[in-house]
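Residue-level structural notes
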Amino acid sequence: MLGIAILLACPEGGWMKVVMSPYLGGVIIRSLLPIIIGAPILNAALLMLASENNLLLPEAGFVIRVIVNIFMLGGVSWWNAKYLNVIDQKQQEYQQALKEANENLEARVKTRTAQLETANNALKKSQINLANLINTLPGIAFSRDGNVNWAMQDVSDGCLAVTGYSKEELCSLEGCTFPDLIMVEDLPKIAEAIQTAIADNIFYQVEYRIHSKLGEEKWLWEKGLGIAIDGQIQTIQGFITEITSLKQTQEALRESESKFRELAENIHEVFHINSADLSEMLYVSPGYEEIWGQSCESLYRNPASWHESIHPEDSDRILAACARLIQGEPLQEEYRIIRARGEIRWIFARVFPIYSQSGEILRHVGIAANITERKQAEQKIWELNQQLEMRVQQRTAELTAANKELESFSYSVSHDLRSPLRGIDGFSKALLERYQDQLDDKGKHYLNRIRSGTQRMGELIDDLLQLSRVTRSQMRPTQVNLSAIAQEIAQELSQNHPERLVNWLISPDLIVSGDRQLLRIILENLLNNAWKFTSVKIQADIELGCMQCQENDGSSLAYFVRDNGVGFDAFYANKLFQPFQRLHTVEEFPGTGIGLATVQRIVRRHGGDVWAEGLVGEGATFYFTLHP
């Protein structure tokens, strides 16, 4: 008890300080303290009890005490060693865990440091890219001071292209500053816009003019926002871009609109602009009041009022056209309207859609014209045409009657006139044969001339009848090979006159469209003429071919028959195609003068033309075109 009292007497020093230490020694001593105090007391008590009862000899008690102390000290030492081993083992485990934790922490620190360096490099790169992007923008990124002057603190390199000044010049305290470039009359609205934006904590937008370094007047558009720190506006950041071209475009657009309105409001037609679904009238010219007899304001209030005036017979057709117009089909229609007083007017309307770049219909634009006078004129023309048609029918009837008379005349010529001619020719021949011995040479000559005249008269009648038939016969167009027909005619001529030396040059496969019988008559007349007028040549050349020629309606094929015969004087070329016109006597070359007139009529019935070229003694060429 005295020892305990001594220990407790000074708890902050001596043994007590060691015992109460939070370290390992204090922990061990506090753990052993009950044994150290309790074991001797218990040992002494047991020995005293044994001595008092004479259970043990003093020597045995001493030995027992020694043995007990040895076991007690040994047990304490063993327990202490075991406890220290456990403590040391845990300490080593803690140190190992601490080492691993330190190593992990060091690795994480290195990783985090690398990540921070990568992020820092990326941030620097991003800042450089952003700075390059800002400096390459077609405008000025800026930072204004947050004080009442809002002076420029920093600008991007785009200021050089816009103002002509570098950023160093504009942001320096000396020389020309950015506010100095702004036109004085525009400064108040800039200040007002910035103040309003700061008060309402919103973006501001303002347009103003500056004078560039070269003295040019330019329009700028500025947008910015105040940046607050701790509730105070420290800086204003934003962007400035040049809008001079936009302003010029807007001014040009205003001038164009002014000219458009001046034009639209002074024309007699109705110019109008409607919404995509035709439910709204965006614009209508004053011509609407003149044509419809209604005010433009009424049409703005009720865009559907215009078709209330449409004639009932035209209403459904126009409404259907409007429905198709909404789907994108342009409208082009003629219709009638009935004005307030019952007057009917004809309208010609054209409306077409205006598309966006994406193909969506934005609006419809159209024009409506008063065509009443034109319709009235068309009505008069129709009436005149009806009268003309009646006259044509009457004239056709007269021509039909004349043709019938002509047919009767042709019949008379072919039958009634031929009989006397055959009689004259026959009796003249009989006189020559039966009374040949009684007639002198002069009488015989007279009779031969009578026979020749009657035969020529017969040929003339035949040619006249043929000329009449080619004019009145019905056309039967088909594909005709002129070369084949020419070969047939040439073969017949050569067989009938084998003594003639003729060189035929016929181009192959001259295929045309026309009436085969009439086209054969053309070739018979032209080739027979060529054969006749080359009879004086020892070696005759007759050619059928084609060539390109120019006509009023363009280029076309012209077919020709060329010979190297006696030719003709080009001065008389126009007379060749007139009936009974001959450039040579019958004694020189026989004929009636009807052949070329027949050729001309056939060619014209085929929609073509015919003409001739020639020189005396050098031959002739006859050309013809066909347009059936």
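A brief structural summary. This is a predicted model, so every value here is computed, not measured.

What follows deals with the overall build of the protein chain. When helices and strands are tallied, the protein chain shows 17 helices and 17 strands. In the protein chain, the proportion of contacts linking residues at least 24 apart, taken out of those at least 6 apart, comes to 51%.

To continue, consider the packing of helix 16 (residues 516-533) against helix 17 (residues 595-605). It is the contact of helix 16 with helix 17, at a shortest axis distance of 9 Å, that shows an interaxial angle of 145°. Considering only the axes of helix 16 and helix 17, their crossing is left-handed. Each of Leu518, Ile521, Ile522, Asn525, Leu526 and Asn529 in helix 16 lies in contact with helix 17, whose residues at this interface are Gly595, Leu596, Thr598, Val599, Ile602, Val603 and Arg605.

To continue, consider the sheet that holds strand 5 (residues 232-242). The strand order 2-1-5-4-3 describes an open sheet built from five strands, whose pairing is antiparallel. In the strand order of this sheet, the two ends are held by strand 2 (152-155) and strand 3 (204-211), each with one partner. For this sheet, the mean inter-axis angle between neighbouring strands, taken without regard to orientation, is 30°. Where strand 1 (residues 139-145) lies against strand 5, seven bridges are found, and the strand directions are antiparallel. Its bridge partner lying in strand 5, arginine 144 is registered against isoleucine 236.

Leu482, Trp504, Ile522, Leu526, Leu527, Phe622 and Phe624 are the most contacted members of the largest nonpolar core, which totals 40 residues. Counting residues per element, this core draws most heavily on helix 16, at nine residues. Residue contacts for phenylalanine 622: discarding those within four places in its chain leaves Leu526, Tyr559, Phe560, Val561, Phe568, Leu576, Phe577, Leu596, Trp611 and Ala612. With 22 residues, the next largest nonpolar core counts Val155, Cys159, Leu181 and Tyr204 among its residues.

Every regular strand shows the same layout, with side chains that alternate between the two sheet faces. Both strand 4 (residues 217-229) and strand 5 contribute to a ladder of 10 bridges, which runs antiparallel. Looking at the pairing, glycine 224 lines up with glycine 238 of strand 5.

Taking 1.5 Å as the rise per residue, helix 12 (residues 312-326) with 15 residues should run 21 Å; its terminal C-alpha atoms sit 22 Å apart, in good agreement. Those residues of helix 12 that sit buried are Asp314, Ser315, Ile318, Ala321, Cys322 and Leu325. Taken down its axis, helix 12 places every buried residue within 140° of arc, on the same side. The secondary structure elements touched by the buried residues of helix 12 are strand 8 (331-338), strand 9 (344-355) and strand 10 (361-370). Looking at the residues trailing helix 12, positive phi occurs at glycine 328, about 110°.

Here alanine 276 is to be found in the loop between strand 6 (270-275) and strand 7 (281-284). Relative accessible area serves as the criterion here: at 25%, alanine 276 is assigned to the partly exposed category. Counting along the chain gives 78 residues from alanine 276 to isoleucine 354, while the straight-line C-alpha distance between them is 8.6 Å. Excluding residues that lie within four positions of it along the chain, alanine 276 makes contacts with Ile326, Ile361, Leu362, Arg363 and His364.

Time to look at the side chain of serine 483. Among the structural elements, serine 483 can be located in helix 15 (residues 482-496). A relative accessible area of 6% places serine 483 in the buried class. Beyond its immediate chain neighbours, meaning those up to four positions away, serine 483 contacts Ile506, Ser507, Pro508, Asp509 and Leu510.

The rules behind each value
- Residues take numbers from 1 onward in each chain, read along the sequence in its written order.
- The model is predicted, so local features are restricted to residues of pLDDT at least 70 and side-chain atom pairs to those at 80 or more, both for listing and for counting; the totals for chains, interfaces and linings are taken over all residues.
- Hydrogens and water are ignored here; the side-chain numbers use all heavy atoms of the structure.
- Each helix is a run of H or I in the DSSP string that is no shorter than four residues. Each strand is a run of E no shorter than two, and both are numbered from the N terminus.
- Residue contacts follow a heavy-atom distance rule, with two residues in contact if any of their heavy atoms lie within 4.5 Å.
- Only the stretch in contact is used when a helix axis is fitted, and all axes are lines through C-alpha atoms; the angle between N-to-C directions ranges over 0 to 180 degrees.
- Handedness of a crossing follows from how the near helix is turned relative to the far one, being left-handed for an anticlockwise turn of less than a right angle and right-handed for a clockwise one.
- In this description, strands pair whenever DSSP reports at least two bridges between them.
- Buried Ala, Val, Leu, Ile, Met, Phe, Trp, Tyr and Cys residues form a nonpolar core when they are joined through side-chain atoms within 4.5 Å.
- A 1.4 Å probe rolled over the protein chains alone gives each residue an accessible area, and that area as a share of the maximum for its type sets the label: buried under 20%, exposed over 50%, partly exposed in between.
- One less than the number of residues in a helix, times 1.5 Å, gives the span that helix is expected to have.
- Read the arc as the range of directions from the helix axis to the C-beta atoms.

The quantities given are spatial measurements derived from coordinates; they are silent on function.
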